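Structural overview
One-letter residues, chain by chain:
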Amino acid sequence: MDMDTDVVVVGAGLAGLRCADELAEAGCDVVVLEAEDEVGGRIRTDRVDGFQVDRGFQLLNPAYPAVRRWVDADALDLGTFEAGVAALGTERLLRLGHPLRAPGLLGSTLRGAAGEVRGLPGLLRWLRPLTRDPRGRRLDALAREPDTTLAASLDAARLSGTLRRVLERFFAGVLLDDTGTSSATFARLLTASFLAGDPGLPAAGMQALPRQLAAPLGGRVRLGTPVAGIEVRGDGFDVRTDDGPIGCRRVVVATGPVAASTLTGLPEHPMRGVVTHWYAADRAPTASRLLHVDARPRPTGPLVNTAVVSHAAPTYAPAGRHLVQASALLEADGVAPTEPVMRRHAAELLGDDGFADWQSLARHEVRHALPVQAPPLVVARPVVLPSGVVVCGDHRDTASIQGALVSGHRAAQAVLDRIGPGRRSGIRPGGPAPAS
């Protein structure tokens, strides 16, 4: 059959862009088809009244191995949060931080630890698997150890009290799961990444990350081009679009799991949802660059976290104003907490009684925000289907930016293996350890 191009990549999220970059570097003629009007997949940034608001609160960890390898983090000019958390307890606010990465929090961390001394042995027991390898050289070995749920691992470590609730509420926001049923191994791998680097936000918003990945591809990315189907034709494929079919030697489906299931017949990977509300404030609710969580036995609201984003990333707000984010989980039936309930809970966690003056900027309900990461942890699902279609995304590796980038790399390697040695660029297979 006639070929219009070597490879068609369906989807311009992180996985698809990483895959297309490697294929282009290897000398392949590659076309990226994206249904939306911008690159980035689930990562989008809007401008509202001079503020930058991301669609869902996300952070970029420069310590991820894949980020260090394939992203120019310096060019993104990250504004970072402090390496810790502010947790509202029954009697006081605990400010807990990494003693080396957040030295300014050392005093409050020591006071908090002294006040929660009964919980410290359990916390240290839960962290023990990470202390066997403080430099992170064998985190891939940790990923192969027997896994259980996060809740079961905390029970096994006999971790209780406020410190347990701090950990549970923190991971509820990271994993979008407040049930404790996510993988304990994945939670520990994420902890290792948090201990190694300070997550932050690009000066131009989170969408600056996919835009950086897309820049080398130039005109190879076609926006506003949804794909209706994929047909196997002889030794290649026809990718059907509104403008007609595109013939190619190989096709990579780099969409979210819902579209991937429609295009390939794969079982749809379950996803978790989040709702994020963004507020403008004329005065700062707090001076903290920490995520704030509710660590009381009975939280008074639905938030998994809140923060004054503009303290960490000043470019997110106009001069003299402040940007607050408040995030809560979407229920399985898609029901989201109301804005007034989220506003009140955010103000309580941030210690601000002037919340009535906050200006509501935007509300994003992201129903397919993050793949479920249940035990046992699977860090690399097959990317080549029996049909010959290659599939990638964070639902094929781990539910993270790290997982999306590694998945795109693995997909590119699979395509190059099948196209033949004449197209190979010397990229070594395997990629970085799938730390998270």
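Owing to the predicted nature of the structure, the values given are computational and were not obtained by experimental measurement.

Turning to the confidence of the model for the chain, a few remarks are in order. Within the chain, residue pLDDT values average 91, and 91% of them lie at 70 or more. In the predicted structure, residues 422–436 sits below a pLDDT of 50 and forms 49 contacts with residues beyond four places in sequence or in another chain.

What you see with strand 14 (residues 291–294) is no split at all: Leu291 and Val293 on one side and His292 and Asp294 on the other are buried throughout. As paired elements, strand 6 (residues 84–88) and strand 14 share 4 bridges and run parallel to each other. Note that in strand 14 the partner of Val85 across the bridge is Leu291.

Turning next to the state of the cysteines. As enumerated under the stated definition, the model contains 0 disulfides in all. Summary of cysteine pairing: Cys248 is not part of a disulfide, and the nearest cysteine sulfur, belonging to Cys28, is at 12 Å.

This brings us to the side chain of Asn61. The topology assignment puts Asn61 in the loop between strand 4 (51–54) and helix 2 (65–70). Classification of Asn61 by relative accessible area gives buried; the value is 2%. One polar contact links the side chain of Asn61 to the main-chain amide nitrogen of Ala63, over a distance of 2.9 Å. In this structure the side chain of Asn61 is engaged in a polar contact, spanning 3.1 Å, whose partner is the backbone oxygen of Ser193.

Moving on, we come to the packing of aromatic side chains. Going through the model one piece at a time under the given rule, you end up with 5 aromatic pairs. When the centroid spacing of 6.0 Å and the interplanar angle of 75 degrees are considered together, the rings of Phe57 and Phe81 count as edge-to-face. Of this pair, Phe57 sits in the loop between strand 4 and helix 2 while Phe81 is found in the loop between strand 5 (79–80) and strand 6, placing the two residues 24 residues apart along the sequence. Here Phe57 matches Phe81 in class, with each residue buried. A ring pair is formed by Phe170 and Phe171, whose centres lie 5.4 Å apart and whose planes are at 70 degrees; its orientation type is edge-to-face. Phe171 matches Phe170 in its accessibility class, with the two residues each being buried. Ring pairing ties together the aromatic residues Trp126, Phe170, Phe171 and Phe194, which thus form one cluster.

What follows covers the nonpolar core. Ranked by size, the top nonpolar core spans 98 residues in total, and within it Val9, Leu23, Phe171, Val252, Leu323, Ile401 and Leu405 carry the most contacts. The dominant element in this core, judged by the number of residues it contributes, is helix 14 (residues 401–419), at 10 residues. Those residues in contact with Leu23 that sit more than four places away from it in its chain are Val7, Val9, Cys28, Val30, Ala412, Val415 and Leu416. Of all hydrophobic cores here, the second largest spans 18 residues; its members include Phe237, Val239, Ile246 and Leu263.

For the rest of this paragraph, the subject is helix 13 (residues 339–350). Between its first and last C-alpha atoms helix 13 spans 16 Å; for 12 residues at 1.5 Å apiece the expected length is 16 Å, and the two agree. Along helix 13, the positions that sit buried rather than exposed are Glu339, Met342, Arg343, His345, Ala346, Ala347, Leu349 and Leu350. Here the buried face of helix 13 lies against strand 6, strand 13 (271–281), strand 14, strand 15 (303–308), strand 16 (322–329) and strand 17 (359–371). Just past helix 13, the residue Gly351 takes up positive phi, approximately 70 degrees.

So, on to unusual backbone geometry. The general pattern is negative phi for most residues beyond glycine and trans for most peptide bonds. Between Pro375 and Pro376 the backbone carries a cis peptide bond, its omega angle lying at -5 degrees. Looking at the element boundaries, Pro376 is found in the loop between strand 17 and strand 18 (390–391). A positive phi angle, close to 55 degrees, is found at Asp77, a residue other than glycine. Among the structural elements, Asp77 can be located in the loop between helix 3 (73–76) and strand 5. Although it is not a glycine, Leu176 sits at a positive phi angle of roughly 55 degrees.

About the criteria used
- Residues numbered from 1 in each chain as written.
- Predicted model: local features only at pLDDT ≥ 70, side-chain atom pairs only at ≥ 80, totals over all residues.
- Heavy atoms only, no water.
- pLDDT = per-residue confidence, 0-100.
- Contact = heavy atoms within 4.5 Å.
- Buried < 20%, exposed > 50% of the residue type's maximum accessible area, 1.4 Å probe, protein only.
- Helix = DSSP H or I, 4+ residues; strand = E, 2+ residues; numbered from the N terminus.
- Pairing = 2+ DSSP bridges.
- Disulfide = S-S within 2.5 Å.
- Polar contact = N/O pair within 3.5 Å; in protein donor to acceptor, adjacent residues only side chain to side chain.
- Phe/Tyr/Trp six-rings, centres within 6.5 Å; stacked < 30°, edge-to-face > 60°.
- Core = buried A, V, L, I, M, F, W, Y, C linked by side-chain atoms within 4.5 Å.
- Expected span 1.5 Å × (residues − 1).

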